[in-house]
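Residue-level structural notes
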Amino acid sequence: MLAVLTHECDIYTRLWCAYELFFAKTNGVKVRLAPHISPDDLRWGRLEWDICISEAQNRIKSTDARCGRPGSEMNDEVAIRKEINTADGGFNTVDEVVERIRLVHLLSYPVEKIENYKSNARDKIKDAIESIIPCFASISKLITFEDFLIKKLTEYPGFKRIPRYTDQFYSHDYKISDGTTEYHVFEEWCSCLRDALPKS
């Protein structure tokens, strides 16, 4: 299932959209988010144009989502609300599943396509990820980047975080090094968070 996101309309305010994402995910359908960002903006790390990044701090509230225009006949909305209310966890479960879809998207962000201002771009991805992590307080392995970095520096004695350069046009500082070997902490952090999430 492919969900296309643009700045024209927040699909998470539409009950049909939220419920279809939830229904697909809980029934084993692979769900992928497809936000609109131009290849040029992605290449230059202008991720503020990606709605999945810029709106990550906004929580899913499916109980407030609607179908159709206010004042119109909303038989679909009545039916969907009835279905959700009779399911385990109700609207809270819908919210959690959709937040998980959003988080998995961010954890799988195509950073390899970012060619310039890589540190700034990773800052935006990191902040977006960390704004969603609190939705899953019961999963202790979902930790912030800084906590993960501290853990890795403990595991690798003699390694230090690569300093952020004034001119960070091409490289990024989400790595640690002992002067000889570099270790990409950002990529492993994302991988570990993905592994910690439920798969269905």
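It should be noted that the structure appears before, not after, this text.
Here's what I pulled together on the structure shown here. (Residues numbered from 1 in each chain as written. Predicted model: local features only at pLDDT ≥ 70, side-chain atom pairs only at ≥ 80, totals over all residues. Heavy atoms only, no water.)

Time to look at the layout of surface pockets. The computed volume of the largest pocket comes to approximately 590 Å³. Together, 25 residues line the largest pocket, and R32, L33, V104, H105 and S108 are the ones closest to its centre. When residues of the lining of the largest pocket are assigned to their parent elements, the largest contribution, four residues, is made by strand β2 (residues 32-35). Across the lining of the largest pocket, the residue classes tally to 14 nonpolar, three polar and eight charged. Its volume calculated, the second largest pocket comes out at about 210 Å³. Around the second largest pocket, the lining is made up of 19 residues, and of these D10, Y12, N58, R59 and I60 lie nearest the centre. Those elements that provide at least two residues to the lining of the second largest pocket are α3 (51-54) and α5 (90-107). Taken together, the residues of the lining of the second largest pocket sort by class into ten nonpolar, three polar and six charged. (1 Å grid on protein atoms, 1.4 Å probe; cavity = no way out; pocket = protein on both sides within 12 Å on 5 of 7 lines; lining within 4 Å. Points joined across faces, edges and corners; volume = space filled by probe spheres on them. Helix = DSSP H or I, 4+ residues; strand = E, 2+ residues; numbered from the N terminus. Nonpolar A, V, L, I, M, F, W, Y, C, P; charged D, E, K, R; others polar.)

For the structure shown, the criterion picks out 18 salt bridges. Among the ionic pairs, D40 bridges to R46, the shortest N-O distance being 2.9 Å. Overall, the relative accessible area of 33% leaves D40 in the partly exposed class. Residue R46 is classed as partly exposed on the basis of its relative accessible area of 29%. E130 is the salt-bridge partner of K126, the closest N and O atoms lying 3.5 Å from each other. With a gap of four residues between them, K126 and E130 both fall in helix α6 (residues 118-132), about one helical turn apart. Overlapping salt bridges bring together D123, E146, R161, R164 and D173 as one network. (Salt bridge = Lys/Arg side-chain N within 4 Å of Asp/Glu carboxyl O. Buried < 20%, exposed > 50% of the residue type's maximum accessible area, 1.4 Å probe, protein only.)

So, on to the packing of aromatic side chains. Enumeration over the complete set of coordinates arrives at ten aromatic pairs. Each ring, one from Y19 and one from F23, has its centre 6.0 Å from the other, and the planes form 40 degrees; the classification is tilted. Highlighted residues: Y19 and F23, both in helix α1 (residues 15-26), separated by four residues, approximately one helical turn. A residue is classified by how much of its surface remains accessible, and Y19, at 13% relative accessible area, is buried. F23 sits in the partly exposed class, given a relative accessible area of 45%. Ring pairs connect the aromatic residues F145, Y174, F186 and W189, which therefore count as one cluster. Above the plane of the ring of F186 lies R122, whose end atom (NZ or CZ) is 5.7 Å from the centre. Over the ring of Y174 we find R161, and its NZ or CZ is 5.0 Å from the ring centre. (Phe/Tyr/Trp six-rings, centres within 6.5 Å; stacked < 30°, edge-to-face > 60°. Lys NZ or Arg CZ within 6 Å of the ring centre and 35° of its normal.)

For an α-helix, the turn length of 3.6 residues means that residues three or four places apart are oriented alike. Between its first and last C-alpha, helix α8 (residues 185-196) extends 16 Å over twelve residues, near the 16 Å set by a 1.5 Å rise per residue. Within the span of α8, buried status applies to V185, F186, W189, C190, L193 and A196. End-on, the buried residues of α8 take up no more than an arc of 135 degrees, which puts them together on one face. (Expected span 1.5 Å × (residues − 1). Arc of directions from axis to C-beta.)

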